[in-house]
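One letter stands for each residue in the lines below.
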Amino acid sequence: MSYRLWYWPDLQGRGEFIRLPLEAAGIAYNDCGRMRGAEVMLENMESHGGRQPFAPPYLELDGLIVAQTANILMYLGERHDLAPSGMRDRLWLHQLQLTIADLVAEVHNVHHPVAAMDYYDAQKPEAARAALQFRNERMPKYFDHFEQAIASSSGDWLVDHRWTYADCSLFQIVEGLRYMFPQRMATLEPDYPRLVRIRDQVADLPGIRAYLKSDRRIPFNTDGIFRHYPELDAA
């Protein structure tokens, strides 16, 4: 069994939130967008008729198609034991993942506050205003929530005593925001030791260590969700 993951070939983007738990758990997958290109991906997506995905990432296996990042992760969590067994904890984990999805959308809107399809250069003044609010208000608000969630756990991870797909997503959030806002993150991180600890623990998982050293980990760049524009960063 090998999943077919479809996402844009040159980006981490939302696809990275799927790759990380697959790599951490050693689950076989083919990164089809990278292997076959964006045009083939779009053709494949449109071939599924009325139930086609709205956008990548999406996952294929034996005729089953699952799209939307949090939906894919919930599916993988239940199928591969990457989520808690109890319903209450599974829903809590899914709730946190949906909150992460909200944060990711806000991250993208920082550099595209006016129109997602327009270039950053066409909306720089608006982006500067959005970045100021995001750095000063939204980042601490989200980080407070995640820090409190981790503190409520009885174990070393986000939920209980083992890692889940949402721990991998928190790793990606910290890594992405370190790239996007290095000055701001240097100021904030001492106030969120639990969140940083989750990041470090995920980075130390054998599958993640190997992945980060491989060419499968696409570098952050200014075409993805997390983009570093020095003029948008400040402590």
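Before reading on, note that the structure itself is shown above.
Procedures and definitions
- Residues numbered from 1 in each chain as written.
- Predicted model: local features only at pLDDT ≥ 70, side-chain atom pairs only at ≥ 80, totals over all residues.
- Heavy atoms only, no water.
- Pairing = 2+ DSSP bridges.
- Helix = DSSP H or I, 4+ residues; strand = E, 2+ residues; numbered from the N terminus.
- Core = buried A, V, L, I, M, F, W, Y, C linked by side-chain atoms within 4.5 Å.
- Buried < 20%, exposed > 50% of the residue type's maximum accessible area, 1.4 Å probe, protein only.
- Contact = heavy atoms within 4.5 Å.
- Axes fitted to C-alpha atoms, helices over the stretch in contact; angles between N-to-C directions.
- Salt bridge = Lys/Arg side-chain N within 4 Å of Asp/Glu carboxyl O.

Peer 1: So what exactly am I meant to see when it comes to the pairing of strand 4 (residues 64-67) here?
Peer 2: One face of the sheet, then the other: side chains in a regular strand alternate in exactly this way. As defined by bridge partners, strand 3 (residues 58-61) adjoins strand 4 across four bridges and the pair is classed as antiparallel. Following the sheet pairing, Tyr58 is matched in strand 4 by Ala67. Hairpin connection of strand 3 to strand 4: two residues between the antiparallel strands, including Asp62 at a positive phi of 50°.

Peer 1: Whenever I open this one, the nonpolar core confuses me. Can you help?
Peer 2: Side chains of a nonpolar character, in soluble globular proteins, are inclined to be buried together. In terms of nonpolar packing, the biggest core is built from 64 residues, with Tyr3, Phe143, Leu158, Ile173 and Leu177 touching the most fellow members. With residues near it in sequence (within four places) discarded, Leu158 still touches Leu93, Leu96, Ala149, Ile150, Ser153, Ala166, Asp167, Leu170 and Ile198. Counting residues in hydrophobic clusters, the runner-up holds six residues, among them Cys32, Met41, Tyr58 and Ala67.

Peer 1: Would you explain the sheet that holds strand 4 in this entry?
Peer 2: Strand pairing in a sheet is mediated by backbone hydrogen bonds. Such pairs are either parallel or antiparallel. Strand order across the open sheet formed by four strands is 2-1-3-4, with mixed pairing between neighbours. The two strands at the open ends of the sheet, each matched to only one other strand, are strand 2 (29-31) and strand 4. Averaged over all pairs of adjacent strands, the angle between strand axes in this sheet comes to 20°, irrespective of strand direction. Lying on the sheet, helix 4 (residues 69-79) is in contact with strand 1 (3-6), strand 3 and strand 4; it crosses strand 4 at an angle near 125°.

Peer 1: Explain the pattern of salt bridges to me, please; I cannot follow it from the model alone.
Peer 2: According to the stated counting rule, one finds 15 salt bridges in the structure shown. Glu175 is the partner of Arg178 in a salt bridge, and the nearest nitrogen-oxygen pair spans 3.5 Å. Of this pair, Arg178 and Glu175 are both found in helix 7 (residues 165-180), three residues apart, which corresponds to roughly one turn of the helix. Owing to a relative accessible area of 27%, Arg178 belongs among the partly exposed residues under this scheme. You can call Glu175 buried: its relative accessible area is 16%. Residues joined in a network through salt bridges with shared partners are Glu175, Arg178, Glu189, Arg199 and Asp200.

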